[in-house]
Amino acid sequence: GRFSALSMALQQSLILRSAVPYPRAQNVTWISTNFKTLLTWEPKPSDDYSYTVEFSVAGRDQQRNFHCIRSNVTVCDLSVYLRPLNSCYTADVLSEPPLGTTSDDTEFPHTTSPRFCPYQDTEIGRPDFNLSVNEDKKTITLFVTDPPTALFEDDRQLSIRDIFSDELQYKVMYRKKKSTGTKTYLSKSSVIEMTDLDKGESYCFNVQAYIPIRSADKQLGELSATKCSNNDEQSIFKVYSPAVFAGGILFILLVMGLLIPVTVILWKKKRKALKSGTEGRPLRDV
């Protein structure tokens, strides 16, 4: 009787456990920079369940990434699956039994992501650039390196220029090195000539991608690091510090302080020698 009661309690416990749905994923979010696109969510699953990701273009069949089926992690890399780039996608995160187990259930709790459109929504990372001061000292050329993406074509890594083509521009912010007033300049090229600058002045530059066909909050990429030209035609008073000048003056005074006594001594000796020579000579006849 005692064994049958324990067996019945265990069976009831298993029935209740199987009836309890798995926790739904929460905070399902797209994170994407330069077309490196990750789907993330919470919470980390226990040993009792796992997550599967399904994604699709609106109105089309669901697809799966092999690495994101009954997984115990909370991130799925969908970078290479979201093609074409100018389509829009949604994803479902399903809470399922752990990998290697079976279930009679056919429907599992799921959470749907917001819509994501790679061409319009991926963030653009900071570009790098070098600068060159032209011989006329009035033109500075910026050579921008188009940020690389997470995408490849024919074994070649694509840059954002490869994807956006003529839609990609660069916004340049620049100022005189000793000033806080900033100006802007737009360029459709990755080689940017900044002309009509003040001759002999150093300038500081920042660059960011600019894609005007996007919505206002997605048009600008991340701002580059600041780089400055060293183009000052400085006078000697700007090149050397007051301490250097003071040291130089002190050195000159010390040298003069040594030279003057030596000169006086030599002059007195010479005068004395001349005087002695004059006294020793016989007087000439008048």
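Remember, predicted model here, so these are calculated numbers, not experimental data.

So, about a nonpolar patch on the surface. Taken together, the side chains of I249, I252, L253, M256 and I260 make up a nonpolar region of the molecular surface, amounting to roughly 490 Å² of accessible area. Considering the arrangement of structural elements, one finds M256 in helix α5 (residues 242-280).

Turning to the environment of C88, a few remarks are in order. In this fold, C88 is placed in the loop between β5 (75-77) and β6 (89-96). Linking C88 and V57, residues 31 residues apart in sequence, is a C-alpha distance of 5.9 Å. Aside from chain neighbours lying at most four places away, what touches C88 is S56, V57, A58, R115, F116 and C117.

Right, let's get into the pattern of salt bridges. If you walk through the whole model with that rule in mind, you get 9 salt bridges. With its nearest N and O atoms 2.5 Å apart, the salt bridge here joins K176 to D198. Here K176, found in strand β12 (residues 169-176), pairs with D198, found in the loop between β14 (191-194) and β15 (203-210); they are 22 residues apart in sequence, far enough to count as distant. For D198, a relative accessible area of 35% gives the class partly exposed.

Now for the pairing of strand β3 (residues 50-57). Of all 8 residues in β3, 8 are buried; the element is thus mostly enclosed. The side-chain alternation of β3 yields two buried faces, one formed by S50, T52, E54 and S56 and the other by Y51, V53, F55 and V57. As defined by bridge partners, β3 adjoins β6 across 8 bridges and the pair is classed as antiparallel. Its bridge partner being in β6, T52 is matched across the sheet by L94.

With that settled, consider the packing of aromatic side chains. Here the structure, examined in full by the defined rule, presents 10 aromatic pairs. The interplanar angle of 25° and the centroid separation of 6.0 Å between the aromatic rings of Y22 and Y49 together place this pair among those described as stacked. Placement of the pair is Y22 in the loop between α1 (2-19) and β1 (26-33) and Y49 in the loop between β2 (36-42) and β3, with a sequence separation of 27 residues. Residue Y49 is classed as buried on the basis of its relative accessible area, which comes to 7%. Their ring planes at 40° and their centres at 5.8 Å tell us that F35 and F164 sit as a pair that is tilted. With a gap of 129 residues between them, F35 in the loop between β1 and β2 and F164 in helix α3 (residues 160-164) connect regions that are remote in the sequence. On the basis of relative accessible area, F164 is assigned to the buried category, the value being 1%.

Cut-offs and rules
- Residues numbered from 1 in each chain as written.
- Predicted model: local features only at pLDDT ≥ 70, side-chain atom pairs only at ≥ 80, totals over all residues.
- Heavy atoms only, no water.
- Patch = residues over 30% accessible without salt bridge, like charges linked within 9 Å, V, L, I, M, F, W, Y side chains within 5 Å.
- Areas by Shrake-Rupley, 256 points an atom, 1.4 Å probe, with all protein chains shown as cover.
- Salt bridge = Lys/Arg side-chain N within 4 Å of Asp/Glu carboxyl O.
- Helix = DSSP H or I, 4+ residues; strand = E, 2+ residues; numbered from the N terminus.
- Contact = heavy atoms within 4.5 Å.
- Buried < 20%, exposed > 50% of the residue type's maximum accessible area, 1.4 Å probe, protein only.
- Pairing = 2+ DSSP bridges.
- Phe/Tyr/Trp six-rings, centres within 6.5 Å; stacked < 30°, edge-to-face > 60°.

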